[in-house]
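Residues per chain, in single letters:
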Amino acid sequence: MQDATTDTADEVTQGLSERLADVRQRIAAACEKAGRRTESVTLVAVTKYATPEQIRALIRLGVADLAENHVQNLQQRATQFNEVHHRMLTSRTPGIAPKLRWHMIGHLQRNKVKLAAPHITMLQTLDSLRLAEEIDQVAPKLLGAGNRMACLMQINCSGEDQKTGVAVGAARHLAEQVADMPNLRLMGVMTMARISDTHDQARHTYARCREIFEEIKQHKIAGEDMRHLSMGMSDDFEAGILEGATIVRIGSAIFGKRDEQPSS
Ligand SMILES: *Cc1c(COP(=O)(O)O)cnc(C)c1O
């Protein structure tokens with residue numbers, strides 16, 4: 001049953017479509033400032049605080065890349081919304097993406113790999129050799145022979161004492177090891193700035209990540225596959241783009257801040 005305060009589907013779509021247009025406009029402006037093509041940046045919508053109605057509306061607006069940071073939510077939402085997307089496709093809804101891509105952006109525990117892997121299009125948080133080994137071992141069975149798991153190596157570039165992300169000094173070596181694994185496809189690197197960072201501090205963090213990325217490329221680790229830099233969230237994605245981000249991960253600027261969310 002709907003209560004009187006619940007927004008109608010049209011209102012949800014209207015609000016989202018405005019915020020999405022605003023984010024796309026900001027991405028385009030940052031690209032222009034950086035002298036880059038707008039198409040060189042992929043917008044990944046982080047749905048962790050989004051309502052199901054919002055996700056549905058977003059898919060209807062043509063967004064293809066979605067991200068979650070918890071295995072269970074990813075599994076649940078990928079299953080649910082791949083189905084929704086499939087129905088939209090079969091009913092020929094105009095303007096929707098041909099396929100949804102699901103990004104895992106939270107820490108992945110080794111004992112959750114089997115659960116998560118079948119739903120993940122790209123794992124953005126590869127952060128240890130042991131996790132890589134686990135994925136390499138189970139991938140053929142979970143993804144089908146010949147299908148490799150696309151990964152970004154998460155690097156801790158902010159200097160923050162966080163639990164996840166490989167240390168700057170260990171990044172190149174891990175990249176070499178992962179690049180040698182037959183069932184992983186190392187496609188780039190990802191980093192997070194500190195929540196408290198100013199725009200300049202975030203940019204500094206992103207510049208550091210780009211340097212490591214360049215160094216890995218210079219050494220021809222992972223070859224042509226090595227092409228993605230995932231840097232930037234709602235408050236600082238312009239800084240990411242100025243430092244070469246090819247992927248930005250945006251939640252609240254599209255869906256509203258968590259405390260502005262309607263309770264469900
Ligand atoms: C939540 C989250 C984001 C998006 O954050 P917003 O500030 O809401 O845009 C991006 N990346 C990661 C890893 C996250 O956990």
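Scroll up for the structure.
Residues numbered from 1 in each chain as written. Predicted model: local features only at pLDDT ≥ 70, side-chain atom pairs only at ≥ 80, totals over all residues. Heavy atoms only, no water.

### Details of the environment of Thr121
Step number 1: Position of Thr121 relative to the elements: it lies in the loop between α4 (113–116) and β4 (122–126).
Step number 2: Between the C-alpha atoms of Thr121 and Ala150, which are 29 residues apart in sequence, the distance is 6.8 Å.
Step number 3: Not counting the four nearest positions on each side in its chain, Thr121 is found in contact with Leu100, Arg101, Trp102 and Ala150. (Helix = DSSP H or I, 4+ residues; strand = E, 2+ residues; numbered from the N terminus. Contact = heavy atoms within 4.5 Å.)

### So, the site of the ligand
Step number 1: Surveying the vicinity of the ligand reveals the residues Val46, Lys48, Asn69, Ile105, Met190, Met192, Met233, Ser234, Arg249, Ile250, Gly251 and Ser252.
Step number 2: Gly251 is positioned with one of its backbone polar atoms (N or O) 2.8 Å from an oxygen atom of the ligand.
Step number 3: Out of a free accessible area of 390 Å², the ligand has 89% covered by protein chains.
Step number 4: Taken together, the residues of the shell around the ligand break down into six nonpolar, four polar and two charged. (Near = heavy atom within 4 Å. Polar contact = N/O pair within 3.5 Å; in protein donor to acceptor, adjacent residues only side chain to side chain. Areas by Shrake-Rupley, 256 points an atom, 1.4 Å probe, with all protein chains shown as cover. Nonpolar A, V, L, I, M, F, W, Y, C, P; charged D, E, K, R; others polar.)

### Thoughts on helix α3 (residues 71–90)
Step number 1: Between its terminal C-alpha atoms α3 stretches 28 Å, which fits the 28 Å expected from 20 residues at 1.5 Å a residue.
Step number 2: Among the residues making up α3, those that are buried are Val71, Leu74, Arg77, Ala78, Phe81, Val84, His85 and Met88.
Step number 3: Just beyond α3, the residue with positive phi is Arg92, at close to 55°. (Expected span 1.5 Å × (residues − 1). Buried < 20%, exposed > 50% of the residue type's maximum accessible area, 1.4 Å probe, protein only.)

### Concerning the nonpolar core
Side chains of nonpolar character tend, in soluble globular proteins, to be buried together.
Step number 1: Counting 74 residues, the largest nonpolar core has Ile27, Leu58, Leu126, Met153, Val189, Val248 and Ile254 as its most contacted members.
Step number 2: With seven residues, the top contributor of residues to this core is helix α1 (residues 9–34).
Step number 3: Here Leu126 is in contact with Leu131, Ala132, Ile135, Cys151, Leu152, Met153, Gln154, Val178 and Leu184, once residues within four sequence places are set aside.
Step number 4: Membership of the second largest hydrophobic core comes to 10 residues, among which are Val44, Val46, Leu152 and Ile247. (Core = buried A, V, L, I, M, F, W, Y, C linked by side-chain atoms within 4.5 Å.)

### Remarks on the pattern of salt bridges
Step number 1: Here the structure, examined in full by the defined rule, presents 12 salt bridges.
Step number 2: The residue Asp65 makes a salt bridge to Arg101 at a minimum N-O spacing of 2.7 Å. Taken together, the residues span a long stretch of sequence, with Asp65 in strand β2 (residues 65–68) and Arg101 in strand β3 (residues 101–104) at a distance of 36 residues.
Step number 3: Arg77 serves as the salt-bridge partner of Glu68, at 3.1 Å between the closest nitrogen and oxygen.
Step number 4: Within the structure, one salt-bridge network assembled from shared partners comprises Arg148, Arg185 and Asp225. (Salt bridge = Lys/Arg side-chain N within 4 Å of Asp/Glu carboxyl O.)

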